[in-house]
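Spelled out, the chains give:
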Amino acid sequence: MTHTIEKHPSVAAFLDQPSIPAFIGGQWRELSGGTMDVKDPATGKTIAVVSTANANDVADAVESADEAFAGWSAMKPKERAELLNRLADKIAEQSEVLAQLEALDVGKPIVNARGFDVPFGADCLRYFADMSIDAVYDRPLNVEGMDARVHRAPYGVCGFIFPWNFPFTLCCWGIGPALAAGNTVVIKASEVTPLSTLYLGYLAKEVGIPDGVINIYTGTGPECGQPLVEHPLVRRISFTGSSAVGKMIGRICGERLIPCKLELGGKGAAVVLDDVDVDQVAEALAGAITLNTGQVCCTATRWFIHEKIYDPFVAKIQELLNKTAIGHGLEEGTQMGPLVSKAQVDRVEDYYKKGLSEGATAIVELKRPVVGGGEEGYFVSPHLLAGDDNNICFREEVFGPTAYLVKFKEDSDAIKRVNSLAYGLANSVWGRDLDRANAIAEQIVSGNSWINAHNVFAYGLPYGGVNLSGVGGGVNSPETFDDYLRDQTIARPLA
Ligand code: NAD
């Protein structure tokens with residue numbers, strides 16, 4: 001298989017280590033949990049071996065973060081911000097290395113990793129670093145007979161557990177506000193795609209982030225994710241991943257009475273009204289399900305198409321999806337890469353078969369293309385099912401390049417059916433009449449409602465879920481920074 005893009009020498013050197021160690025207390029360490037192979041999803045071949053953590057290693061990482069907390073939290077916000085901005089600069093300088101690691105590990109097209117995952121991650125660190133300089137850490141209270149204020153202080157060690165679909169960006173979204181507020185962090189990277197997160201350790205060391213402020217390891221959830229959540233020195237948890245695991249993490253945090261931010265799965269809808277430009281919307285929604293091979297928590301996977309435009313919409317979307325350029329992430333021109341793993345292929349195929357057996361019709365069939373001679377690659381074509389709402393593919397998160405189409409006539413009917421599931425992450429409304437679109441957006445129960453676009457992200461635009469899609473604050477906004485400071489009232493009665 002030939003890849004157009006040559007591996008950067010730093011990528012080759014990083015991957016060629018006998019096993020990639022963890023970054024704990026500012027040192028690179030082999031761990032006690034054994035090793036794990038990391039696969040290139042486009043070929044199914046092993047591209048790296050990583051050292052994996054057990055509970056003792058997790059305890060070491062937490063203790064390192066705890067030791068580093070006193071120094072990091074005592075620094076002036078401006079000094080911390082300077083270091084975080086330096087880290088963002090270093091990420092920008094090493095962006096090709098990080099983008100290649102991300103493309104190789106997740107299977108995503110390099111253009112996406114270069115254009116979004118890496119720079120957007122760096123921007124997150126800058127956004128929160130700058131915010132921390134101007135933040136108010138003491139708020140005087142106007143209480144008669146008192147000299148009183150609310151003092152805002154960091155929590156201490158914050159634990160982070162991340163999924164495999166956007167490892168670098170999600171890591172920056174998570175740790176950026178926590179570090180800027182003066183907390184130290186322990187990161188459990190996904191065991192499926194740990195590479196770019198582990199590489200961040202080199203960059204942190206190079207720019208002089210003090211040892212122990214950022215700790216990074218990987219391994220399986222029960223072995224080294226759960227011990228992080230349970231460790232008594234961990235003061236806050238942030239978990240991004242499936243709703244099933246999120247509930248379990250939430251239960252442990254509830255037992256421990258520590259704050260917990262859960263960013264979970266979704267089953268996003270797109271409501272397409274009858275006054276749209278059909279071709280434009282079809283193009284945008286094709287892009288939504290091929291982005292990251294549909295492995296996007298907030299993407300549009302239930303398409304409510306107004307009955308008046310249903311037929312022309314279907315004709316256009318068939319044309320678009322059937323010409324998707326499927327290829328290796330490092331191949332120039334690839335529009336959609338493979339799924340991340342064999343397990344993910346099995347899951348997506350299984351949902352497709354179950355959807356059909358429950359009465360759905362395939363509007364665009366699922367195929368297993370053989371790409372570039374890589375017969376072992378985890379490639380699945382973009383595909384669409386249509387039918388009624390009583391179908392597993394309407395109700396459950398598939399997490400692949402797929403959507404389920406239903407027709408509607410009345411806006412109120414579409415709203416009711418969108419809201420019929422417990423998920424509440426992100427939905428979109430498409431229409432020229434903005435009053436009508438806004439009214440629908442408001443009535444959908446969801447953390448995020450987008451109009452005439454799907455997958456909309458910016459710093460300053462809060463992003464999070466409700467119900468089965470998450471709880472505890474969300475990301476990317478000033479409120480996220482506030483979440484990482486605890487309030488403490490300090491009062492002195494005036495005699
Ligand atoms: P997952 O829940 O299987 O795993 C997520 C992380 O949790 C991994 O690091 C895993 O090792 C760890 N984990 C698993 N079991 C654990 C346990 N018992 N204790 C502690 N940690 C444990 O999810 P995934 O398959 O990696 O990712 C896909 C899911 O993530 C989808 O549901 C997707 O919607 C969701 N997601 C949500 C967002 C968001 O912002 N809402 C973003 C990305 C992905």
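Above this text you will find the structure in question.
Let me sum up the structure you'll find in this document. As the structure is a prediction and not an experimental result, all values here were calculated from the model.

Let's shift gears to the overall build of the protein chain. Helix and strand content of the protein chain: 16 helices and 22 strands. Relative to a compact globule of 495 residues, whose C-alpha radius of gyration would be 23 Å, the protein chain shows 23 Å and is just as compact. Dimensions of the protein chain, computed from the C-alpha atoms along their principal axes, are close to 75 × 60 × 40 Å. A total accessible area of about 19100 Å² is found for the protein chain, and carbon and sulfur atoms account for 51% of it. In the protein chain, which carries 43 positive and 62 negative side-chain charges, the distance between the mean positions of the two groups comes to 2 Å.

For residues other than glycine, phi is negative in most cases, and the peptide bonds are mostly trans. In this model, asparagine 467 sits at a positive phi of 55°, which is unusual for a non-glycine residue. Within the fold, asparagine 467 resides in strand E20 (residues 466–467). Residue classification places asparagine 467 among the exposed residues on the basis of a relative accessible area of 52%. Positive phi, close to 75°, is recorded for asparagine 476, a residue that is not glycine. By the secondary structure assignment, asparagine 476 is in the loop between strand E21 (470–471) and helix H16 (478–483).

We now examine helix H8 (residues 221–230). What H8 keeps buried is the set Cys224, Gly225, Pro227, Leu228 and Val229. Looking at the buried residues of H8, the elements they touch are helix H2 (55–74), strand E7 (157–161), strand E8 (184–189), strand E9 (214–218), strand E10 (234–240) and helix H9 (243–256).

Moving on: the pattern of salt bridges. Enumeration over the complete set of coordinates arrives at 25 salt bridges. With its nearest N and O atoms 2.6 Å apart, the salt bridge here joins lysine 261 to aspartate 483. Of the two residues, lysine 261 sits in strand E11 (residues 260–263) while aspartate 483 sits in helix H16, which places them 222 residues apart along the sequence. In the salt-bridge network here, residues are joined through shared partners; they are Asp274, Lys308, Asp411 and Arg436.

Evaluation of the coordinates by the stated rule reveals zero disulfides. This cysteine, cysteine 171, is not joined by any disulfide, and cysteine 172 carries the nearest cysteine sulfur, 5.5 Å off. On the basis of relative accessible area, cysteine 171 is assigned to the buried category, the value being 1%. With no disulfide of its own, cysteine 253 lies closest to cysteine 260 among cysteine sulfurs, the gap being 3.7 Å. We classify cysteine 253 as buried; its relative accessible area is 2%.

Moving on to the site of the ligand. The environment of the ligand is made up of 28 residues, and the closest members are Phe162, Lys188, Ser242, Leu264 and Glu397. Between phenylalanine 162 and the ligand, the recorded distance is 2.7 Å, taken from a backbone N or O atom to an oxygen atom. At a separation of 2.7 Å, a nitrogen atom of the ligand approaches a polar backbone atom of leucine 264. Of all elements in the fold, only H8, E10 and H9 reach the threshold of two or more residues within the shell around the ligand. Element by element, the count of residues in the shell around the ligand is highest for H8, at four residues. Residue composition of the shell around the ligand, by class: 15 nonpolar, nine polar and four charged.

Following the criterion strictly, the structure yields 21 aromatic pairs and no others. Between phenylalanine 120 and tryptophan 173 the ring centres are 6.3 Å apart and the planes differ by 70°, which places this aromatic pair in the edge-to-face class. On the criterion of sequence distance, the pair formed by phenylalanine 120 in helix H5 (residues 110–134) and tryptophan 173 in helix H6 (residues 167–180) is long-range, its members being 53 residues apart. Grouping residues by exposure puts phenylalanine 120 and tryptophan 173 together as buried.

What follows concerns the sheet that holds strand E6 (residues 146–154). Note: strands within a sheet are paired through backbone hydrogen bonds, in either parallel or antiparallel orientation. The strand order across the open sheet built from three strands is E5-E6-E22, with neighbouring strands paired in antiparallel fashion. The open sheet is flanked by strand E5 (138–141) and strand E22 (485–493), the only strands paired with a single partner. On average, adjacent strands in this sheet sit at an angle of 20° to one another, irrespective of strand direction. Sheet topology note: the E6/E22 ladder contains nine bridges and is antiparallel. When the bridges of E22 are listed, proline 154 appears paired with leucine 485.

Alternating positions in strand E19 (residues 448–451) separate cleanly, Asn448 and Trp450 being buried on one face and Ser449 and Ile451 remaining unburied on the opposite face. Here four bridges tie strand E18 (residues 426–430) to E19, and the two strands are oriented parallel to one another. Across the sheet, the residue bridging to asparagine 427 is serine 449, located in E19. What joins E18 to E19 is helix H15 (residues 434–443), and the crossover it makes is right-handed.

What H15 keeps buried is the set Ala437, Ile440 and Ala441. Burial along H15 is one-sided: seen end-on, the buried residues are contained in an arc of 100°. Among the exposed residues of H15, those oriented more than 90 degrees off its buried face are Asp435 and Glu442. Considering only its buried residues, H15 is in contact with helix H14 (411–418), E18 and E19. With a side-chain oxygen lying 3.1 Å from the backbone nitrogen of aspartate 435, the N-terminal cap of H15 falls on aspartate 433.

Cut-offs and rules
Residues numbered from 1 in each chain as written. Predicted model: local features only at pLDDT ≥ 70, side-chain atom pairs only at ≥ 80, totals over all residues. Heavy atoms only, no water. Helix = DSSP H or I, 4+ residues; strand = E, 2+ residues; numbered from the N terminus. Rg over C-alpha atoms; globule rule 2.2 N^0.38 Å. Areas by Shrake-Rupley, 256 points an atom, 1.4 Å probe, with all protein chains shown as cover. Lys, Arg positive; Asp, Glu negative; His and termini not counted. Charge placed at Lys NZ, Arg CZ, Asp CG, Glu CD. Buried < 20%, exposed > 50% of the residue type's maximum accessible area, 1.4 Å probe, protein only. Contact = heavy atoms within 4.5 Å. Salt bridge = Lys/Arg side-chain N within 4 Å of Asp/Glu carboxyl O. Disulfide = S-S within 2.5 Å. Near = heavy atom within 4 Å. Polar contact = N/O pair within 3.5 Å; in protein donor to acceptor, adjacent residues only side chain to side chain. Nonpolar A, V, L, I, M, F, W, Y, C, P; charged D, E, K, R; others polar. Phe/Tyr/Trp six-rings, centres within 6.5 Å; stacked < 30°, edge-to-face > 60°. Pairing = 2+ DSSP bridges. Axes fitted to C-alpha atoms, helices over the stretch in contact; angles between N-to-C directions. Right-handed = clockwise from strand over helix to strand, strands pointing away. Arc of directions from axis to C-beta.

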